[in-house]
Structure formats: structure tokens, C-alpha cells
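# Overview (structure and organization)
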Amino acid sequence: MPDRSSSKLLRALLPLLAATGCDGCPSSKPYTPYTLGSATPSGSPPPLSGVAPGAADAGLEAGAPDAAAPPRFAVVPSVPAPAGGKQWPLEGGAVVAAPTGRTFETGLLLDADGDGARDLVVWARSPDGLRGELLLAPAARPQALRTLTALPGDLAAQGCTPRVALSQIGPSALALDFAPQCGADRRAASATRWLAVIRLPGSAAGAGAPPELALELRLRTPPPEEALSAALEVADRDADGRDDLLVTLGLSGALRPFQAPSPAPAGAASELRAPLIFLDRPAGLSRDAAQPGETLRALAASLLRDARGKATAPAVAAAAQRLRRLNAVLCADAAGGGALAGRDAARAGEALVWTGAGPVRCGEPGLAAAIDNAEAVAASTRGAPIAAVAALDHGAEPRTKEADKLLAKVAPPAAATAVYRTAAAPQPAGPGAFGPLAFEPSGALLVRTAQGVVRVDPATSTESATDIPPWPAAIHAGPAQLVAVERRCDAPTLLALFRSSPDAVGEMEVPLPLLRSQGPRARAASPERCAGTERLPFSPLAASEGGFDIAVGAALVSIDLRAAAPASSALSFPLTTPAPQGAARSPDGATLAVPAAGGLLVATAGGPARLWSGGDLAQGTACAPANGGARVACVVGAAAVIFEAK
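Each chain carries its own residue numbering, running from 1 in the direction its sequence is written. Under the rules for a predicted model, residues below a pLDDT of 70 receive no local features and side-chain atom pairs below 80 are neither given nor counted, while totals for whole chains, interfaces and linings still include all residues. As a rule here, side-chain values cover all heavy atoms of the structure and leave hydrogens and water aside.

One confidence number per residue, pLDDT, is output by the predictor and ranges from 0 to 100. Of the residues in the chain, 81% have a pLDDT of 70 or more, and the chain-wide mean is 84. Two residues qualify as a contact provided that any one of their heavy atoms is within 4.5 Å of a heavy atom in the partner residue. The low-confidence segment residues 1–30, where pLDDT is below 50, has 77 contacts with residues more than four positions distant or belonging to other chains.

As a further point, take the packing of helix H5 (residues 385–392) against helix H6 (residues 401–410). Following both chains from N to C, one finds H5 and H6 inclined at 155°, their axes separated by 10 Å at the closest point. Relative to H6, the element H5 is oriented roughly antiparallel. Between H5 and H6 lies a crossing of left-handed hand. Two secondary-structure elements touch here, H5 through Pro385, Ala388, Val389 and Leu392 and H6 through Ala403, Leu406, Leu407 and Val410. For the contact of H5 with H6, the class distribution of residues is eight nonpolar, no polar and no charged. For helices, the axis comes from a line fit to the C-alpha atoms of the stretch in contact; other axes are also lines fit to C-alpha atoms, and the angle between any two N-to-C directions lies between 0 and 180 degrees. The helix and strand labels rest on DSSP assignments: H or I over at least four residues marks a helix, E over at least two residues marks a strand, and numbering proceeds from the N terminus. Our angle categories are set so that under 35 degrees counts as roughly parallel, over 145 as roughly antiparallel, 65 to 115 as roughly perpendicular, and the remainder as oblique. Less than a right angle of anticlockwise turn of the near helix away from the far helix marks a crossing as left-handed, whereas a clockwise turn marks it as right-handed. Amino acid classes used here: Ala, Val, Leu, Ile, Met, Phe, Trp, Tyr, Cys and Pro are nonpolar; Asp, Glu, Lys and Arg are charged; the rest, including Gly, are polar.

Residue types Ala, Val, Leu, Ile, Met, Phe, Trp, Tyr and Cys, when buried and joined through side-chain atoms within 4.5 Å, form a set referred to as a nonpolar core. Relative accessibility under 20% of the residue-type maximum defines a buried residue, over 50% an exposed one, and the middle range a partly exposed one, all with a 1.4 Å probe and only protein chains included. Ranked by internal contacts, the top residues of the largest apolar core, which has 95 residues, are Ile559 and Leu601. Each residue touching leucine 601, except ones within four places of it in the same chain, is listed here: Ile386, Val389, Ala411, Ala554, Leu592, Ala593, Val594, Ala596, Ala609, Arg610 and Leu611. Listed in part, the 19 residues of the second largest apolar core include Leu108, Leu151, Leu174 and Ala196.

Taken together, the buried positions of H6 are Ala403, Leu406, Leu407 and Val410. One side of H6 carries all its buried residues, which in axial view fall inside an arc of 105°. Of the exposed residues in H6, those oriented more than 90 degrees away from the buried face are Lys401, Lys405 and Lys409. Note: the arc covers the axis-to-C-beta directions of the helix.

Another point: the packing of aromatic side chains. Aromatic rings from Phe, Tyr and Trp, taking only the six-membered ring of Trp, are treated as a pair when their centres fall within 6.5 Å; an angle between ring planes under 30 degrees marks them as stacked, one over 60 as edge-to-face, and anything in between as tilted. In total, this model carries two aromatic pairs according to the counting rule given. Here tryptophan 88 and phenylalanine 104 contribute two aromatic rings whose centre-to-centre distance is 6.4 Å and whose plane-to-plane angle is 70°, an arrangement assigned as edge-to-face. Here phenylalanine 104 lies in strand E6 (residues 103–110) and tryptophan 88 lies in strand E4 (residues 87–89), a separation of 16 residues in the sequence. Taken as a pair, tryptophan 88 and phenylalanine 104 share a single burial class, namely buried. Considering the side-chain rings of tryptophan 123 and phenylalanine 178, the 6.1 Å spacing of their centres and the 55° angle between planes classify their relative orientation as tilted.

We now examine the sheet that holds strand E36 (residues 609–613). If you trace the seven strands from one edge of the open sheet to the other, you get E34-E35-E36-E20-E39-E38-E37, paired in mixed fashion. Two strands in the sheet have a free side with no partner beyond their single neighbour: strand E34 (591–596) and strand E37 (621–625). On average, each strand axis in the sheet is tilted by 35° relative to the strand beside it, whichever way the strands run. As judged from the four bridges shared by strand E35 (residues 599–604) and E36, these two strands associate in the antiparallel manner. Bridge assignment links leucine 600 to a residue of E36, and that residue is tryptophan 612. Taken strand by strand, H5 contacts E34, E35 and E36, and its axis lies near 160° from that of E35. Between any two strands, pairing holds if DSSP finds at least two bridges.

Here the focus is the sheet that holds strand E8 (residues 132–137). With antiparallel pairing, the five strands of this open sheet are ordered in space as E3-E6-E7-E8-E9. Lying at the two open borders of the sheet, with one neighbouring strand each, are strand E3 (79–80) and strand E9 (146–150).

Let's shift gears to helix H4 (residues 367–381). The span one expects for a helix is its residue count, reduced by one, times 1.5 Å. Between its first and last C-alpha atoms H4 spans 21 Å; for 15 residues at 1.5 Å apiece the expected length is 21 Å, and the two agree. By the criterion of burial, H4 is predominantly enclosed, with 12 of the 15 residues buried. All of the buried residues along H4 are Leu367, Ala368, Ala369, Ile371, Asp372, Asn373, Ala374, Glu375, Ala376, Val377, Ala378 and Ala379. On its buried face, H4 is in contact with helix H2 (293–307), helix H3 (316–330), H5 and H6. Following H4 by one or two positions, glycine 383 has its phi on the positive side, about 70°.

In this section: the pairing of strand E13 (residues 212–220). Here strand E12 (residues 192–199) runs beside E13; their pairing, made up of eight bridges, is antiparallel. Bridging from a neighbouring strand, threonine 192 pairs with arginine 220 of E13. Sheet analysis places E13 next to strand E18 (residues 353–355), joined by three bridges and oriented antiparallel. Bridge pairing in E18 places leucine 217 opposite threonine 355.

All right, on to unusual backbone geometry then. It is generally the case that most residues other than glycine have a negative phi and that most peptide bonds are trans. Cis geometry is adopted by the peptide bond preceding proline 292, which originates at glutamine 291 and carries an omega value of 10°. For proline 292, the location among the structural elements is in the loop between strand E17 (284–287) and H2. Along the chain, phenylalanine 573 connects to proline 574 via a cis peptide bond; the corresponding omega equals 10°. The phi torsion at alanine 239 lies on the positive side, around 55°, for a residue other than glycine. In this structure, alanine 239 sits in the loop between strand E14 (226–235) and strand E15 (244–253). Its identity as a non-glycine residue notwithstanding, serine 461 has a phi of 55°, on the positive side. For serine 461, the location among the structural elements is in the loop between strand E23 (453–457) and strand E24 (462–465).

Whenever Lys or Arg places a side-chain nitrogen within 4 Å of a carboxyl oxygen from Asp or Glu, that contact is recorded as a salt bridge. If you walk through the whole model with that rule in mind, you get 28 salt bridges. The partner of aspartate 238 in a salt bridge is arginine 281, with the nearest N and O atoms 2.7 Å apart. Of this pair, aspartate 238 sits in the loop between E14 and E15 while arginine 281 sits in strand E16 (residues 272–281), and the two are 43 residues apart along the sequence. By relative accessible area, aspartate 238 is classed as partly exposed at 26%.

Right, let's talk about the packing of H2 against H3 for a bit. The geometry of H2 relative to H3 is characterised by a closest axis approach of 10 Å and an angle of 170° between their N-to-C directions. Regarding the angle of H2 to H3, the classification is roughly antiparallel. Only Val316, Ala319, Ala320, Leu323, Leu326 and Asn327 of H3 make contact with H2, whose side of the interface consists of Leu296, Leu299, Ala300, Leu303, Asp306 and Ala307. Residue composition of the contact of H2 with H3, by class: 10 nonpolar, one polar and one charged.

Right, here's the structure in full:
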């Protein structure tokens, strides 16, 4: 079934890209965009040619071409250097010699300095191809080579094969694209695509004025399942007589274990896009601070509209994850964006786009909350209160008043009161282990102590030893043991760690269907600072030979270990797996009790979901509900406490 919510997001973007900085008519966009792309999710090398002259720009503007519009500029690609790359002949018989230690690779013959003669702009590379300079050889002085720009030394990706493209993308602009092509084992390493835009002098600069570097853009290699592309377009967007630059960035594919979006309808883009706009000023290009934030806000608003429709709400969760990911890829100040170390940032979970002025800061502090709210509204629309609570309980931003109202609607607050405190001391259990408490179908509470299992009957206030075997604390699926859930700076998703057997050396990891910005977290002072490796609390729900069911906050996740490559997926409530003793579920498996949204979420299949709080419940851990959810027992200090709620 097509992802209608995602296609609506893509359609919502088109008028924004057309309207930003101009009246939106085709006459304000006379040039064909020059398109770049990262490797496709399958790993094949990207095409480096420009858009064919006269090709329709279906991805950036809507409507029929304007007959009165200026003719489009046909992108002019460079040509390979003559055999050997040691010399390049110019018109009139002059010859340009390559500098010592360099070989010409590709170049353009054009009037680059405004003197009426055709000069040579050429990429000169080192023998390994991983270093090089873009040079200008003026027709008037062919041997007076001038360096227009050089590949930054920190971008030489060892072990990769570079592909270089040079094109004239407008009357006064050239684009150099340096793209390392690396093996599959190096795609997510430090390889970075580098784009340089060269501005040619206008007539006002006078004959002989040299071209100059106008913009550097870095596109770090995304994880193998994703692809990052860029399209360049030059046009006078603010009617000041100077060509400005629009860089449209696109993200396609999906991180493991997220599902890739359904194929887009005919004529729609297959990737989610947002623009960077650079206005040409006398002092150089100046980025329009309104973008990409304005586009991201509009996409979030489109999500919210879809969230309120019964037909479109089911697709919103997947579309929300795509938008969160686009935000994280583009914006260094996105929630969960991680620690940036200037131009040397090279972690998979951080922003992948960097300009010569530094990382892109979108200035949208409320965007993450808006996406969360849209996802929660969609969950409420489709009658999934636990999913709604999960959406409202992740992210580094405080909840808005609107989100608090929605939370109170899907999980009304309930005041918890302690009705019984045990004398038996529960056996301590580490974070994420099966807890020492479990209700019986009769309503009696079992407490695993260091001496054995004690049965507690709160109706008669009696506690008695039993011959029930103590259940294990460790979470096992056959020989495998679930160890932890982690948030790491070098991973874009949360990770589940497990050992394949008790005597295994080291731990294996499985990406979870939660981005790094999701899940329980301490409120970060700055979203640009990653806390390193952080182990997150989680609640075990089930374990079997095939894998584990857990709750990370209110997000329910299944981890399947049966395949050669372990995988994870989101779970729907109610769960169908049996509830083991010590899990955060009732004996019949129909009720769960998990910490979420600042309280304890108690939900029963076919019944209400309520957010319990108050009393000693805030100090409670390893909580377990009774059948029907009328009672919950938690470890509080050295005792087990049974709570009821009103």
C-alpha cells in the first residue's frame, strides 16, 4: 500500500521550494539544476553528470513552463584531460603544463576572467587521486597557474577511489564535485563528499579579474541503507541582479531496522527534501537563515494534518521517523544531533551536511516536539494510547501544553496509593533484568528473595514461604542473553546489546526502531552535545527461544534472534507472547506497567491506559501489574509495595 502520508509530505515541499525568496513563478528559475547524489542504498556509484540540457525540473517546481521565461542554461560538463594529463592545449597554440607531481584529470575551456579569451579551469590531482587543486590557466598567461581551491587535507579518504566532476552550472558559476567511492566496509567511515562552487567575475569586476571560491559544501557518507543527494540551481532569487544559489538536499532510503518508504506515486519525488539558500552579496554568499527550518516546519504541519485523518494516520509514524532523520542529517542543532567537533565531525549519528561557514543550524527548537505531537495525535486517532504516550515521551525537548493535554486524554492521570508494604526483602536485580515481583492469577504477590520465593496475601496481611523455584533475573532467549540498551554517539539509532552465550567474549548489537533522539533520556543542556555511551533503562516483557520483547519507556520493541542477522521491530499492544514471572506484565499478559512520561503507565488490552503517579511510586522500580491492572507492585527501598490508584 502506498505511503500516502509520505507522499503528502513530498507534495507539500514543492510549493515551498518554489516560493522561497521569489514569487514562485518559473521565470525566476532560468537554470537547469545540477544534480549530485550519494551512493544509492545498494552501494552502486552515483552518477556525476549534470541534468541534461532542457530537462524538466519536476522535483523543484510545479506547473507548465512560462513561455516568457529566459531560456534555461544548459549545464556544461567538463571533458577528460588529453592523453597522459601532462599538458593541455589552448586555442591559438599555447600549451598548459601540469604542475610537478600533478596530473590534469578534467577541465573546462571558458572565459573565466572576463577578458574575452577562453581560459582553462582544470582539476589537477596527485598520483593517488586523493589530493588535488582546481587551477586556472589564463589564456593570456598559460603558465601563470592560479589555485582557485584545493581539496582540504582532512578529506583524503585512504583506500577509496575518488570520482571528480567539474561543470559550469550557470553563466557565472562552476561546481566541482569530489566524491570518494569506497568499499562497502568503508561507506560509513570518514569518507566525505566535497563540493566547491566557484563564482566567475561579472562585467563590473573588469577584464582579468580572477574567479573566486564562493561556497564549500561537505556531505558526509550516510549509513549504507540511506542515500544523500544534492541539486544545485543558480537564479536571481531576490531580484538584485546577482545570481543566488539554491542547494536542495534529499534523503532517501531508511536506516536499519526501519522500513523503506513505499514507492512514490508517478511524478513525485522518492526522497524527502529541504533547501539551503545562499544569497549572493558583494562580500560573498550569505545563507538565508529561514531555510531549511521553514520547510521542516511545513513538513511537520503536514504530518499533523495527516495525523487527524483515519485513512492517513497509520502512515504517520513512519513519515515522522523520516522527518526526524532528515532534521538530524541537515541540522547540527537538531535534538539528539550529538557532539560536533567543527569540520572534523565524523560520527554516523550526527548532521551529515557542513558548509564552509560551519555546520548548519536550523534554529527550530520546537520542531522535534511538533513531530512528536503529530505522531501522538496519529496514534490517538487510530486508538493506540501506548504508542501515543511513547511518541510524547521521547526527545530532548520539554513537552508543550498541547502535548500535556493530549497525554491527559490518551492516558488520564491516576493518583497511586500504597496499600501494603512487605516485610520480605526483594532480591536486588540489575537494570533491565527480570524483576523480583510477580502477581499470581489469584491476586497474591510473589516476592523473590535471597532465601526463596515468598507469597504475600495483602487481604490477610500474611507472608509465607513457598516451594516455588525462584525465576532467573537474567533475560535469556535460548543461549543468548540480553545485556543492555544503549544510546551511543556513533550510532543513529538506539542499540540492544546481547551475548550469544554465557561464555561468549564481547557483545553483539542490534539496531532498534528508535532514533538516538528517542527513548528515555536526561534532559540535555544542549542538543549539540552527545553524552557518550549511555545505558538506558528498559522493561523486559517476554523472552523465548526466538528473542526478546522489551519496553523502552512506552515504546514496545521485539528483537528476533532466529535469523542469521538479528533484527528488531516495533510491537503492537496487546502482546501475544506469554508473560514470564518478573516481567512488567500481568500473569495473563494483558496488562503492562512501564515507566513513561514521568509516571507509571498502566494499560490493559481492551481497557483504559492510565498514568499513575504519587506517593512512593516515584521511587519504585521493577514494577509488575496484577490481572486487570487494579494493582501494581514495585520495589521501593528494601521492600515490595503494592499500589492501587484512583
